[in-house]
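# Remarks on the overall topology
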Amino acid sequence: MAKKKVEKPQSKTAAEPVVKPVAEVVVPKEDITKPWYAQAKNHFIAAAVACFLGIMLISSQTGINADDRYHVPYTKYFVDYFTSFGKDTMYRQIPLDEFWKARVMFDMVNYGVAHGILGFEPGSPRKIGDKYPPFVYADEGYHVVRHYLIGIVAFIGLLFSGLIGVKFKGWHFGAIVMGLMMLSPTFIGHAGMNPRDIPFFAWSMIAIYFMVIFVMDFPVVKWSSVLGIALGVALALNVRNGGFLIFAYFGLFAVCVWAYHLFILKDKKVNTIDLFIKGCASFAIAYVAGLIFWPYGQIDPVNIPIFVDLLSSQKYPITLRQLFEGTLVSSGDLPWYYQTKLLIITAPILVLVGFASFAALIFFYRKKVDWKILLVVLFCAFFPIVYII
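Given the structure is predicted, the values throughout are model-derived calculations rather than measurements.

## So, the overall build of the chain
Across its full length, the chain carries 16 helices and two strands. Of all 389 residues assigned to the chain, the portion counted as buried reaches 39%. Contacts in the chain between residues far apart in sequence, at least 24 positions, make up 71% of those at least 6 positions apart. Total accessible area on the chain stands at roughly 23500 Å², and carbon and sulfur atoms take up 67% of it.

## Topic: the packing of helix α4 (residues 105–117) against helix α5 (residues 140–169)
Contact geometry for α4 and α5: axes closest at 9 Å, N-to-C directions at 125°. Judged by the angle between their axes, α4 and α5 are oblique. For the pair α4 and α5, the crossing hand works out as right-handed. Facing Phe-106, Asp-107, Val-109, Asn-110, Tyr-111, Val-113, Ala-114 and His-115 of α4, the residues of α5 in contact are Tyr-142, Val-145, Arg-146, Leu-149 and Ile-150. Residues belonging to the contact of α4 with α5 are distributed by class as follows: nine nonpolar, two polar and two charged.

## Thoughts on the pattern of salt bridges
Within the structure shown, the criterion is met by seven salt bridges. The salt bridge involving Arg-196 is made with Asp-107; its shortest N-O contact spans 2.8 Å. Here Asp-107 lies in helix α4 and Arg-196 lies in the loop between α7 (185–190) and α8 (197–217), a separation of 89 residues in the sequence. With respect to burial, Arg-196 and Asp-107 carry one shared label: buried. Across the pair Asp-197 and Arg-240 runs a salt bridge, and its minimum N-O distance is 2.8 Å.

## Thoughts on unusual backbone geometry
Cis rather than trans, the peptide bond between Phe-218 and Pro-219 has omega equal to 20°. Structurally, Pro-219 can be placed in the loop between α8 and α9 (223–237). Look at Phe-85: it is not a glycine, yet its phi comes out positive at around 55°. Looking at the secondary structure, you find Phe-85 in the loop between α3 (68–83) and α4. Its identity as a non-glycine residue notwithstanding, Glu-325 has a phi of 55°, on the positive side. Looking at the element boundaries, Glu-325 is found in the loop between β1 (321–324) and β2 (327–330). Overall, Glu-325 belongs to the partly exposed group, its relative accessible area being 48%.

## A closer look at the packing of aromatic side chains
Scanning the model with the defined rule gives 29 aromatic pairs in all. Measuring from ring centre to ring centre gives 6.2 Å for Phe-355 and Phe-358, while their planes differ by 35°; the resulting arrangement is tilted. Here Phe-358 and Phe-355 lie together in helix α15 (residues 349–361), a separation of three residues that amounts to about one turn. Phe-358 gets classed as partly exposed once you look at its relative accessible area, which sits at 29%.

Calculation criteria
Residues numbered from 1 in each chain as written. Predicted model: local features only at pLDDT ≥ 70, side-chain atom pairs only at ≥ 80, totals over all residues. Heavy atoms only, no water. Helix = DSSP H or I, 4+ residues; strand = E, 2+ residues; numbered from the N terminus. Buried < 20%, exposed > 50% of the residue type's maximum accessible area, 1.4 Å probe, protein only. Contact = heavy atoms within 4.5 Å. Areas by Shrake-Rupley, 256 points an atom, 1.4 Å probe, with all protein chains shown as cover. Axes fitted to C-alpha atoms, helices over the stretch in contact; angles between N-to-C directions. Parallel < 35°, antiparallel > 145°, perpendicular 65-115°, else oblique. Left-handed = near helix turned anticlockwise from the far one by under 90°. Nonpolar A, V, L, I, M, F, W, Y, C, P; charged D, E, K, R; others polar. Salt bridge = Lys/Arg side-chain N within 4 Å of Asp/Glu carboxyl O. Phe/Tyr/Trp six-rings, centres within 6.5 Å; stacked < 30°, edge-to-face > 60°.

Below, the structure written as structure tokens:
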């Protein structure tokens, strides 16, 4: 009878790792203690709160904009137009050059809050047919509310600028972006009193923020990003016709990132039809929503926005005298380098130093940079300057 072979248990060798149960793994104390950079999001929030309070303080101390003597009292005519569902068209008789063609979204919101909710009187405009009778000026509280609303919109633009910085290099970088903007005399000077440029800036930042998300997510095209772009463009169109330019940015970025993924990366996940459908839907939503607070554009929704207003904006009828290089010059006769020089002499020194450092060091850090985001931001920053020149 054959003996049964008994296998001896193999002894553990040095080559065999000893695996400890998960419960026995002890995390060192220094890994539990969060370093200062683990609180980066909280730092960003704290910076945003500080910026908001600073802007509100500035708004409370800002005087009345010279244009408010027209914007505020004439808002009533636009209110009559909307509350009559387009039947009351007396706004077209406003005796101020081209003002009846204005987009009035901010003025309507201002009227609803200051007068409709808080009860402050907006004043009375000059009567239709009379050219220069005196105004009945608005209550002081109406203007105070107006400045606070402009400040809130300015903060929205600043916040989304910071969020673009977050997408690029994290929460601390976004906080630095907001801090540098608070040092800009141009931004601060307009943040409490400009009812046109500040809203256009804020809504443009919303659109650009979602464009950054769009290029980051591609080839996946999410409805959240294209609808965010549509929202920003629609709001911008309710302020200025430059909103069309913002959407043109999106079209350019979409084509570039599509071509890069399809022809260079050979990415099989690219869905051209899906991109086309969502892009067209975004434009249609932005276009229609962009006419909501624009009575003039509603007269002929196709011809006026594109062929009349957009083309005529290149020949702005109103000129103002500007002090430039020691001489009073009409705004229609300023030299081609005016905007560039204005940016240089009004930008904070830290911004200029930072930009020079960026230009000098970008080659050495090229592998650590998200070039898609960087190119989107650089194009949006510098194309308007080139376009003006």
